[in-house]
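Examination of the molecular architecture
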Amino acid sequence: MPPTACLLIIGNEILSGRTQDANIRFIANGLARSGIALEEVRVIPDKARRIVDTVATCRAMFDHVFTTGGIGPTHDDITAACVAEAVGVPLEIHEESYRKLESYLGKEKFNKARQRMAWLPRGAVPIENTVSIAPGFSIANVHVMAGVPSIMQSMFNALLPTLEGGAPLCSVAWHADLREGTLAEGLEAIQNDFPTLDLGSYPFERADGRKGVSLVAKGYDSDQVAQAGERIRQLIDSLGVTPIEGEPAP
């Protein structure tokens with residue numbers, strides 16, 4: 001089985017509805033390509049005890065924990081301190097990050113608030129940020145990144161090649177003008193024969209009003225995915241409808 005991962009989205013603005021998360025899909029796709037299985041996503045508030053407890057719990061459950069949000073210069077940017085507590089190390093100035101930020105911002109603009117971004121848990125490895133210099137960081141199996149999508153993507157792209165993954169997630173899809181209820185029994189039988197794969201059915205509606213369903217097999221064993229995909233094709237064909245390979249056009 002591939003290494004497992006959990007994503008913690010930290011921010012009151014997500015929970016209140018003020019901001020829509022734009023990071024889950026990017027992270028999920030990147031991990032899938034690298035053979036790391038994203039098994040859970042949690043959204044939690046900017047509350048220190050909640051962050052500490054959630055990080056501590058999740059890092060014991062998963063091979064990797066990724067966080068987004070809460071590493072800027074303001075009072076509610078408490079993720080670094082909370083992760084330090086969850087891992088059991090002090091928060092301290094990371095000298096190299098401090099120098100880079102000071103050089104980038106200039107001494108006059110590098111005030112106490114901005115200096116907060118150079119405080120990392122002891123032993124943390126900075127994650128490069130090519131957008132605004134202020135680093136994310138990794139410590140133990142926890143990887144802390146910004147919430148702003150452009151900055152998060154910069155950090156994630158720098159981090160991902162350093163992580164050990166497995167075979168990439170692969171998938172096969174077939175679709176047809178059928179309803180889920182017609183296919184459900186046959187799809188369940190295929191799922192029972194391939195218990196390690198993720199089989200799903202996804203209804204769609206065409207522009208002309210015709211409705212159908214897309215059947216998808218996903219997994220990390222390419223041979224089994226191919227076999228399950230062939231079974232899906234045969235299932236659709238057995239119902240007297242021509243199966244069409246791939247996802248339906250938008």
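Shown above is the structure to which this text applies.
Let me begin by describing the structure that accompanies this report. As the structure is a computational prediction, the values presented were derived from the model and not from experiment. (Residues numbered from 1 in each chain as written. Predicted model: local features only at pLDDT ≥ 70, side-chain atom pairs only at ≥ 80, totals over all residues. Heavy atoms only, no water.)

The buried fraction of strand E1 (residues 4-10) is high, at seven of seven residues. Side chains Thr-4, Cys-6, Leu-8 and Ile-10 of E1 all project onto a buried face; the interleaved residues Ala-5, Leu-7 and Ile-9 project onto the opposite face, where all are buried too. When E1 meets strand E2 (residues 37-44), the two strands line up parallel, connected through seven bridges. Its bridge partner being in E2, Ala-5 is matched across the sheet by Leu-38. As defined by bridge partners, E1 adjoins strand E3 (residues 64-68) across five bridges and the pair is classed as parallel. Looking across to E3, one finds that Leu-8 is bridged to Thr-67. (Buried < 20%, exposed > 50% of the residue type's maximum accessible area, 1.4 Å probe, protein only. Helix = DSSP H or I, 4+ residues; strand = E, 2+ residues; numbered from the N terminus. Pairing = 2+ DSSP bridges.)

Within the fold, Asp-76 resides in the loop between E3 and helix H4 (79-87). The exposure class of Asp-76 is partly exposed, given its relative accessible area of 29%. A distance of 2.6 Å separates polar atoms of two side chains, one belonging to Asp-76 and the other to Thr-74. (Polar contact = N/O pair within 3.5 Å; in protein donor to acceptor, adjacent residues only side chain to side chain.)

A few words now on the pattern of salt bridges. For the structure shown, the criterion picks out 10 salt bridges. Measuring nitrogen to oxygen at the nearest pair gives 3.5 Å for the salt bridge that ties Glu-96 to Lys-100. On the criterion of helical spacing, the pair formed by Glu-96 and Lys-100 is a turn pair, its members being four residues apart in helix H5 (residues 95-105). Note that Asp-177 is salt-bridged to Arg-206, the shortest N-O span being 3.3 Å. Of the two residues, Asp-177 sits in the loop between strand E9 (170-176) and helix H8 (180-193) while Arg-206 sits in the loop between strand E10 (198-205) and strand E11 (211-219), which places them 29 residues apart along the sequence. Three or more residues are tied together by salt bridges with common partners; here these are Asp-177, Arg-206, Asp-208 and Arg-210. (Salt bridge = Lys/Arg side-chain N within 4 Å of Asp/Glu carboxyl O.)

For the pair H8 and helix H9 (residues 222-238), interaxial distance at closest approach is 10 Å and the crossing angle is 160 degrees. Classified by the interaxial angle, the pair formed by H8 and H9 is roughly antiparallel. For H8 against H9, the interelement crossing comes out right-handed. On the side of H8, the interface is formed by Leu-183, Gly-186, Leu-187, Ala-189, Ile-190 and Asp-193, while H9 contributes Ala-228, Arg-231, Ile-232, Leu-235 and Ile-236. In the contact of H8 with H9, the residues fall into eight nonpolar, one polar and two charged. (Axes fitted to C-alpha atoms, helices over the stretch in contact; angles between N-to-C directions. Parallel < 35°, antiparallel > 145°, perpendicular 65-115°, else oblique. Left-handed = near helix turned anticlockwise from the far one by under 90°. Contact = heavy atoms within 4.5 Å. Nonpolar A, V, L, I, M, F, W, Y, C, P; charged D, E, K, R; others polar.)

Along the polypeptide, Ala-158 turns up in helix H7 (residues 149-159). When neighbours within four sequence positions are excluded, Ala-158 is seen to be in contact with Ile-127 and Glu-128.

Judged by nonpolar contacts, the single largest core of 40 residues is most densely connected at Leu-31, Phe-66, Val-83, Phe-137, Met-145 and Phe-156. For this core, the secondary-structure elements that each account for two or more residues are E1, helix H2 (24-33), helix H3 (48-61), E3, H4, strand E7 (136-139), strand E8 (142-145) and H7. In terms of residue count, the dominant contributor to this core is E1 (six residues). Setting aside residues up to four positions removed in sequence, Met-145 forms contacts with Ile-27, Phe-66, Thr-67, Thr-68, Gly-69, Ile-71, Ile-127, Met-152, Met-155, Phe-156 and Leu-159. Counting residues in each nonpolar core, the second largest holds 17 residues, with Leu-197, Val-213, Ala-228 and Ile-236 among its members. (Core = buried A, V, L, I, M, F, W, Y, C linked by side-chain atoms within 4.5 Å.)

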